[in-house]
Amino acid sequence: MSGPGISVVICVYTEDRWEDILAAVASVRAQSRPALETLLVVDHNDLLHERLAQEYKEATDVRVLANAGPRGLSAGRNTGIAASYGEVIAFLDDDAVAERDWLRHFAASYTDPRVMAVGGRTEPIWASGRRPAWIPEEFDWVVGCTYRGLPPGRVRVRNVLGGNASFRRTAFDVAGGFATGIGRDGDKRPLGCEETELCIRLSRARPDAVLLIDDRAVIHHRVPEAREHFGYFRTRTYAEGLSKALVARSVGADKGLESERRYTTRVLPAGVVRGLRDAVLARPGGAGRAGAIVAGVLTAAGGYVVGSVRARRGAVTYSVAAIGDDRGGGDG
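What you are looking at is a predicted structure, and each value in this text was computed from that prediction instead of being measured.

Tell me about the overall build of the protein, and name the residues and values.
When helices and strands are tallied, the protein shows ten helices and eleven strands. Buried residues in the protein amount to 53% of all 332 residues. Sequence separation of at least 24 residues holds for 80% of the intrachain contacts in the protein that already meet a minimum separation of 6.

Lay out the pairing of strand β3 (residues 62-66) with the relevant residues and their values.
The element β3 is extensively covered by neighbouring structure, given that four of its five residues are classed as buried. Relative to β3, strand β2 (residues 37-42) runs parallel, the two being bridged by five bridges. Each bridged residue has a counterpart across the sheet, and for L40 the counterpart in β3 is V64. Considered for its hand, the β-α-β crossover made up of β2, helix α2 (residues 46-55) and β3 is right-handed.

Which residues make up the environment of A107, and what values do they have?
Within the secondary structure, A107 sits in helix α4 (residues 102-109). Judged by its relative accessible area of 7%, A107 falls in the buried class. Residues A107 and V88 lie 19 residues apart in sequence; the distance between their C-alpha atoms is 8.4 Å. In this view, A107 contacts P4, I6 and R33; residues no more than four positions away in its chain are not counted.

Mind laying out the nonpolar core, listing which residues take part and the relevant values?
I10, L40, L52, L92 and W102 are the most contacted members of the largest nonpolar core, which totals 34 residues. The biggest single contributor to this core is helix α1 (residues 18-29), with six residues. Contact partners of I10, with chain neighbours within four places excluded, come to A24, V25, V28, T38, L39, L40, V41, L92, D93 and D94. Judged by nonpolar contacts, the second largest core, of 25 residues, contains C11, L65, A117 and F172.

I'd love a proper account of α4, names of residues and values included.
Where burial is concerned, most of α4 is hidden: six out of the eight residues are buried. Buried within α4 we find W102, L103, H105, F106, A107 and S109.

If you had to explain the packing of α1 against α2 to someone new, which residues and values would you point to?
Between two packed helices, what matters for the description is the angle formed by their axes and the separation of those axes. Direction vectors running N to C along α1 and α2 enclose 40 degrees, while the axes themselves pass 12 Å from each other. Considered as vectors, α1 and α2 are oriented oblique to each other. As for the relative orientation of α1 and α2, their crossing is right-handed in sense. The residues of α2 that touch α1, namely those facing W18, I21 and L22, are L48, R51, L52 and E55. For the contact of α1 with α2, the per-class residue count stands at five nonpolar, no polar and two charged.

Please set out the packing of aromatic side chains residue by residue, giving values where relevant.
Within this structure, the stated rule accounts for 13 aromatic pairs. Look at F91 and F167: their rings are 6.3 Å apart centre to centre, the planes differ by 70 degrees, and that puts the pair in the edge-to-face class. Residue F91 is found in strand β4 (residues 88-92), and its partner F167 is found in strand β8 (residues 164-168); the two are separated by 76 residues along the sequence. Comparing F91 with F167, the two get one shared label, buried.

Give a detailed account of helix α6 (residues 194-205), specifying residues and quantitative values.
The terminal C-alpha atoms of α6 lie 17 Å apart, and with twelve residues this matches the ideal 16 Å at 1.5 Å per residue to within 8%. Burial within α6 is extensive, with nine of its twelve residues counted as buried. Every buried residue of α6 is listed here: E194, E195, T196, E197, L198, C199, I200, R201 and L202.

Analysis parameters
The residue numbering used here restarts from 1 in each chain and proceeds along that chain's sequence as written. Reporting of local features is limited, given that this is a predicted model, to residues whose pLDDT is at least 70; pairs of side-chain atoms are given and counted only at 80 or more, and all residues count toward the totals for whole chains, interfaces and linings. Where side-chain values are given, they derive from all heavy atoms of the structure, hydrogens and water being excluded. Going along the chain from the N terminus, every DSSP run of H or I of four or more residues is numbered as a helix, and every run of E of two or more is numbered as a strand. Each residue is placed in one exposure class: buried if its accessible area under a 1.4 Å probe, protein chains only, is under 20% of its type's maximum, exposed if it is over 50%, and partly exposed if it falls in between. We call two residues contacting when some pair of their heavy atoms lies within 4.5 Å. Following DSSP output, two strands are said to pair if at least two bridges run between them. By convention, orient the strands away from the viewer: a clockwise path from the first strand over the helix to the second makes the crossover right-handed. As used in this record, nonpolar core signifies buried Ala, Val, Leu, Ile, Met, Phe, Trp, Tyr and Cys residues forming a set joined through side-chain atoms within 4.5 Å. Throughout, an axis means a line fitted to C-alpha atoms (over the contacting stretch in the case of helices), and angles, computed between N-to-C directions, take values from 0 to 180 degrees. Oblique is the label for any angle not covered by the other classes, which are roughly parallel (under 35 degrees), roughly antiparallel (over 145) and roughly perpendicular (65 to 115). Handedness of a crossing is defined here by the sense of rotation of the near helix relative to the far one, left-handed for an anticlockwise turn of less than a right angle and right-handed for a clockwise turn. Gly is placed with the polar residues, together with every amino acid not listed as nonpolar (Ala, Val, Leu, Ile, Met, Phe, Trp, Tyr, Cys and Pro) or charged (Asp, Glu, Lys and Arg). When the centres of two rings from Phe, Tyr and Trp lie within 6.5 Å, Trp using its six-membered ring, the rings pair. Their planes under 30 degrees apart give stacked, over 60 give edge-to-face, and anything left gives tilted. Every helix has an expected span of 1.5 Å times one less than the residues it contains.

Take a look at the structure:
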């Protein structure tokens, strides 16, 4: 197999996603370009850890690990990085499945030594069977998917999106790991942006680094019914504002909000116009989509203001988990 060896890290936390976890692992095992290994990192759930260890006890390509840091996605990813062997580490959500050529497209970009990170395209699988008419594609990031406004093809970006991403191992050597205190923490408020903060730190540490999104590297992400409602939309956009405030505090508002300025001044206004036009033409959901965009912007802005005040008062903790070398661990 030519090119870098790729380790795949899947962070898991609840037995409620048991079938999804098995499907995610199966999709990695079915890759046209085989993964070097798959690491399942269990976030402080002994019962799930034991069950997965039993499930994969005969597997030579799957290891089950316990999160060695504080509860949350960032520490889980850092645990996977430290334990992995690959020259490249890819991350897959525990409720997503990768298309057969996912890793092959990632690997192709790493022939360029300047490339430090490669992300892909994430498509939603709606629990209801189809996209709710009121949800604008511009806000598909709310449900962890690729959104309207990202450039198509294979392009340079400021940051990759964490649920469908890969990094060269040396990226972590120069930039450190994922920051704890920014991203998700089990079932608590749905924060994010930990990959944004890492990518900005990486670009500062290595100004010549190239970060890409290749939209041929596709995964399909399950969206549960609870996330198809406006209540979740509002909660997630507010949490995004809180997260952006933490990122801006860490790396500065100039870089922390660079892409967001274009998104809010160009992409979203065009989405509102498109929604209103659809409403005039009596197309389903047009007015709802326009209203959701406006509501999403206002809610995220409110979260950003609250997050900024908390940061100034020192109410938000921030740390970057150190990545040690724990490649001998695992029970799977």
